[in-house]
Amino acid sequence: MREYPPPEAIRTLYTPAAIAARVGELAHAIANDYAGRSPILVAILKGSFVFASDLARALPLPLRIEFLGVRSYGSGTVSTGAVQITQDLTHPIENQDILIVEDIVDTGLTLAYILGLIQARGARSVRVCALLDKPSRRRVEVPVDYVGFSVGDAFVVGYGLDCAEQYRNLPALCELLQVPDSP
Ligand code: IMP
């Protein structure tokens, strides 16, 4: 059987142990900042599903979890700036403390759209926790309150992140070395 993933296709950036350690640190900082409050974690699908489940379990806080499905890239690797809601929140968020849990902030276009949506629905406070940040690629300024790892201009897969829906199940965060052409 052919090895999966093909070793020539990816390079490990962060091992599962390194990710777990960083998630613990993020949870510690968030728990301190939200002491005495009950935030709603809004996990952005699909990319943050693994991160959000680990982060939620590391947070010693009474919290609720909501999922917001967005699609920003189609099947390619370059942002179009057009954001489509594929799954909406199931409860009102008026007067609630919202912690957005994102997989990666690249151009910032997706997050800017999400922040606008959450604010328009009357949240009391909004903060952002992103597993990965690619600051060199930013096109719009967005506030990111908690960042797991800052990366360069690599295309990252694994731990929930995909390329054309592949690789989400890799336990490590990996650079994709053979990036397919955009459609
Ligand atoms: P932005 O709108 O350009 O900031 O892109 C945000 C979304 O694009 C993220 O939530 C990801 O779903 C996707 N994305 C951006 N960079 C990567 C990457 O390196 N790997 C996988 N997905 C990415």
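My aim in this report is to walk through the structure given alongside it, one point at a time. In this text the structure is predicted, and so the values were computed from the model without any measurement.

Points about the state of the cysteines
Then step 1. In this structure the tally under the stated criterion is zero disulfides.
Then step 2. Free cysteine: Cys 163, not disulfide-bonded; nearest cysteine sulfur from Cys 174 at 13 Å.
Then step 3. Overall, the relative accessible area of 6% leaves Cys 163 in the buried class.
Then step 4. The class for Cys 174 is buried, based on a relative accessible area of 2%.

A closer look at the sheet that holds strand β3 (residues 64-71)
Then step 1. Ordered by their spatial adjacency, six strands build an open sheet running β4-β3-β2-β5-β6-β7, and the pairing between neighbours is mixed. Each edge of the open sheet is held by one strand with a lone partner, namely β4 (84-87) and β7 (146-150). Each neighbouring strand pair of the sheet contributes to a mean axis angle of 25°, computed without reference to strand direction.
Then step 2. Direction of pairing for strand β5 (residues 97-105) relative to strand β6 (residues 125-133): parallel, over a ladder of eight bridges. Bridge assignment links Glu 102 to a residue of β6, and that residue is Ala 130.
Then step 3. Set on the sheet, helix α3 (residues 109-120) makes contact with β2 (40-45), β3, β4, β5 and β6; between it and β5 the angle comes to about 165°.

Overview of the side chain of Asp 103
Then step 1. Assignment of secondary structure puts Asp 103 in strand β5.
Then step 2. There is no salt bridge for the buried Asp 103, and the closest opposite charge comes from Arg 168, which lies 5.6 Å off by N-O distance.
Then step 3. For Asp 103, the contacting residues outside a window of four places in its chain are Gly 47, Ser 48, Ala 130, Leu 131, Leu 132 and Leu 161.

Section: the pairing of strand β9 (residues 173-176)
Then step 1. Burial along β9 is two-sided: Leu 173 and Glu 175 and Cys 174 and Leu 176, pointing in opposite directions, are all buried.
Then step 2. Where strand β1 (residues 10-14) and β9 come together, four bridges link them in antiparallel fashion. Counterpart to Tyr 14 in the pairing with β9 is Leu 173.
Then step 3. Pairing of strand β8 (residues 156-157) with β9, which is carried by two bridges, proceeds in the antiparallel orientation. Directly across from Val 156, in β9, lies its bridge partner Glu 175.

A few points about the packing of aromatic side chains
Then step 1. Per the stated rule, a full pass over the model turns up two aromatic pairs.
Then step 2. With 3.7 Å between their ring centres and 15° between their planes, Tyr 14 and Phe 149 make a pair best called stacked. One end of the pair, Tyr 14, is in strand β1; the other, Phe 149, is in strand β7, with 135 residues separating them in the sequence.
Then step 3. The exposure class assigned to Phe 149 is buried, which follows from its relative accessible area of 11%.

Looking at the environment of Ser 125
Then step 1. Mapping Ser 125 onto the fold places it in strand β6.
Then step 2. Between the C-alpha atom of Ser 125 and that of Val 50, which follows or precedes it by 75 residues, the distance is 24 Å.
Then step 3. Setting aside chain neighbours within four positions, we find Ser 125 in contact with Arg 37, Gln 96, Asp 97 and Ile 98.
Then step 4. Within the local environment of Ser 125, its side chain forms a polar contact with the side chain of Asp 97, the two groups lying 2.7 Å apart.

Scoring rules and cut-offs
Residues numbered from 1 in each chain as written. Predicted model: local features only at pLDDT ≥ 70, side-chain atom pairs only at ≥ 80, totals over all residues. Heavy atoms only, no water. Disulfide = S-S within 2.5 Å. Buried < 20%, exposed > 50% of the residue type's maximum accessible area, 1.4 Å probe, protein only. Pairing = 2+ DSSP bridges. Helix = DSSP H or I, 4+ residues; strand = E, 2+ residues; numbered from the N terminus. Axes fitted to C-alpha atoms, helices over the stretch in contact; angles between N-to-C directions. Contact = heavy atoms within 4.5 Å. Lys, Arg positive; Asp, Glu negative; His and termini not counted. Salt bridge = Lys/Arg side-chain N within 4 Å of Asp/Glu carboxyl O. Phe/Tyr/Trp six-rings, centres within 6.5 Å; stacked < 30°, edge-to-face > 60°. Polar contact = N/O pair within 3.5 Å; in protein donor to acceptor, adjacent residues only side chain to side chain.

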